[in-house]
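Geometric and topological summary
Now for the letters of each chain:
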Protein chains: 2
Amino acid sequence: MMSKRQTQQLLAVFDVVNRAHDHPSVEQIHQRVRERMPRVSLGTVYRNLQKLASERRVSLVQIRNRPARYDAVVDAHDHFVCEHCHVVLDLAPSKARLDLQQLEHQGFAVRSHALTFYGQCPNCRGGRKGRQRNSQMTTAPA
Amino acid sequence: MMSKRQTQQLLAVFDVVNRAHDHPSVEQIHQRVRERMPRVSLGTVYRNLQKLASERRVSLVQIRNRPARYDAVVDAHDHFVCEHCHVVLDLAPSKARLDLQQLEHQGFAVRSHALTFYGQCPNCRGGRKGRQRNSQMTTAPA
DNA sequence: TTTTTTGCAAACCATTTGCAATTAG
DNA sequence: CTAATTGCAAATGGTTTGCAAAAAA
């Protein structure tokens with residue numbers, strides 16, 4: 001499903017995801033694209049995000065009970081989702097050691113996996129005034 | 001949010017999930033409950049599943065691009081989702097070693113996590129006639 | 001009796017889709 | 001040109017909700 005045409009809209013969606021460090025939702029991506037191209041429709045953003053994800057140029061991060069988020073980091077990595085402020089943090093390096101080979105030996109063809117931790121982020125855990133956003137960390141804090 | 005009343009509907013939903021070994025969707029649970037209690041509404045099934053999940057008497061399994069599934073196994077375990085037949089398999093023992101402590105030391109309060117592998121199950125990988133359902137395995141096959 | 005839970009239907013929200021108009025190649 | 005892509009709006013699909021009636025405690 002490789003793109004046949006490089007439209008302005010596709011380029012803008014890709015660019016917005018790439019500059020973002022906050023795992024934006026589709027709505028947020030739409031808003032940010034509209035800042036530059038006011039007539040872009042939400043449907044087009046959905047279509048282009050799907051296309052980009054299928055080409056592995058962006059990655060989809062699914063979160064329990066919340067709209068999907070998108071990530072410019074396309075290589076396998078895990079996430080932490082704060083159930084209080086809903087920030088999504090990339091966890092690098094991974095806190096997991098997986099035995100993919102064992103699954104393969106058992107006959108599974110593993111294409112991908114998703115590992116997501118849920119709980120409270122350091123900010124929300126410590127802070128008393130709750131509900132902050134965009135801690136802007138790519139790696140876990142000190 | 002502990003149940004205040006033991007209704008027939010709550011009992012039936014719990015029982016259906018407990019007898020199921022196929023990680024049924026809400027629709028499927030609804031159908032199975034209706035076999036015994038034809039007037040139970042879908043809304044009631046949703047409400048009772050939420051209640052049971054919040055009490056950790058059943059567990060919710062979220063899957064990419066598919067409706068939620070429910071599991072009678074409530075202790076932490078991982079899943080394999082077949083992208084071909086959409087079967088959901090419990091993976092026991094876990095194919096992952098997680099370093100929860102490292103996250104805690106970094107200030108995160110980890111409440112739960114989800115680890116799901118996606119790909120083709122042994123049946124679909126080998127078989128030529130595709131799209132089978134309910135391999136009925138709790139553990140990975142030989 | 002009192003309060004929770006139900007059934008029903010409507011509402012909701014995220015996402016997808018049909019189609020005529022636009023645009024990249 | 002002409003096929004892929006867009007904008008728009010309507011449709012979908014899963015899930016939630018308001019409310020009067022039913023049923024636990």
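For the structure given in this document, a descriptive report is provided here. (Residues numbered from 1 in each chain as written. Chains lettered and ligands numbered in written order. Predicted model: local features only at pLDDT ≥ 70, side-chain atom pairs only at ≥ 80, totals over all residues. Heavy atoms only, no water.)

**A few points about the interface of chain B and chain A**
- Taken together, the contact between chain B and chain A spans 39 residues of the former and 39 residues of the latter.
- Interface area for chain B against chain A, summed over the two sides, is near 3,300 Å², with a carbon-plus-sulfur share of 56%.
- For Arg111(B), the salt bridge is made with Glu83(A), and the minimal N-O distance between the two is 3.8 Å.
- Listed by contribution, the elements that provide at least two residues to the side of chain B that touches chain A are strand 4 (88-91), strand 5 (96-98), helix 4 (100-105), strand 6 (109-120) and helix 5 (122-126) of chain B.
- The element that contributes the greatest number of residues to the side of chain B that touches chain A is strand 6 of chain B, accounting for twelve residues.
- Partitioned by chemical class, the residues of the side of chain B that touches chain A number 21 nonpolar, ten polar and eight charged.
- Across eleven bridges, strand 6 (residues 109-120) of chain A lies against strand 6 of chain B in antiparallel orientation. Paired with Val110(A) across the two strands is Gly119(B), which belongs to strand 6 of chain B. (Contact = heavy atoms within 4.5 Å. Buried area = accessible area lost by both parts, 1.4 Å probe. Salt bridge = Lys/Arg side-chain N within 4 Å of Asp/Glu carboxyl O. Helix = DSSP H or I, 4+ residues; strand = E, 2+ residues; numbered from the N terminus. Nonpolar A, V, L, I, M, F, W, Y, C, P; charged D, E, K, R; others polar. Pairing = 2+ DSSP bridges.)

**Focus: the protein's contact with DNA strand C**
- Taken together, 21 residues lie near DNA strand C, and Tyr46(A), Arg5(B), Thr7(B), Gln9(B) and Thr44(B) sit nearest.
- In DNA strand C, atoms within 4 Å of the protein come 70% from sugar and phosphate.
- In the environment of DNA strand C, a base nitrogen lies 2.9 Å from a nitrogen or oxygen atom belonging to the side chain of Arg47(B).
- Between DNA strand C and Lys51(B), the relevant distance is 3.2 Å, taken from a phosphate oxygen to a side-chain nitrogen or oxygen of the residue.
- Listed by contribution, the elements that provide at least two residues to the surface near DNA strand C are helix 3 (42-54) of chain A together with helix 1 (8-19) and helix 3 (42-54) of chain B.
- Tallied by class, the residues present in the surface near DNA strand C amount to seven nonpolar, seven polar and seven charged. (Near = heavy atom within 4 Å. Polar contact = N/O pair within 3.5 Å; in protein donor to acceptor, adjacent residues only side chain to side chain.)

**A closer look at the pattern of salt bridges**
All names here are of chain A.
- For the structure on display, the rule yields twelve salt bridges over all chains.
- The salt bridge involving Arg36 is made with Asp15; its shortest N-O contact spans 2.6 Å. Taken as a pair, Arg36 in helix 2 (residues 26-36) and Asp15 in helix 1 (residues 8-19) lie far apart in primary sequence, 21 residues in all.
- Arg36 gets classed as partly exposed once you look at its relative accessible area, which sits at 43%.
- For Glu55, the salt bridge goes to Arg57, with nearest N and O atoms at 3.2 Å.
- A relative accessible area of 18% places Glu55 in the buried class.
- Salt bridges sharing partners connect three or more residues here, namely Asp15, Arg19 and Arg36. (Buried < 20%, exposed > 50% of the residue type's maximum accessible area, 1.4 Å probe, protein only.)

**A short note on the protein's contact with DNA strand D**
- Looking at DNA strand D, there are 21 residues lining it, with Arg5(A), Gln9(A), Thr44(A), Arg5(B) and Tyr46(B) nearest.
- Note that a phosphate oxygen of DNA strand D is positioned 3.3 Å from one of the backbone N or O atoms of Lys4(A).
- Contacts to DNA strand D include Gln9(A), whose side-chain N or O atom sits 2.8 Å from a sugar or linking oxygen.
- At the level of elements, helix 3 of chain A together with helix 3 of chain B are the ones that each hand at least two residues to the surface near DNA strand D.
- A per-class count over the surface near DNA strand D returns six nonpolar, seven polar and eight charged.

**Digging into the sheet that holds strand 3 (residues 78-82) of chain B**
- Here six strands make up an open sheet; going across it, the order is 4(A)-3(A)-6(A)-6(B)-3(B)-4(B) and the pairing mixed. With partners counted over all chains shown, the strands left at the sheet margins are strand 4 (88-91) of chain A together with strand 4 of chain B, one partner each. The sheet shows a mean angle of 25° between the axes of neighbouring strands, taken without regard to direction. (Axes fitted to C-alpha atoms, helices over the stretch in contact; angles between N-to-C directions.)

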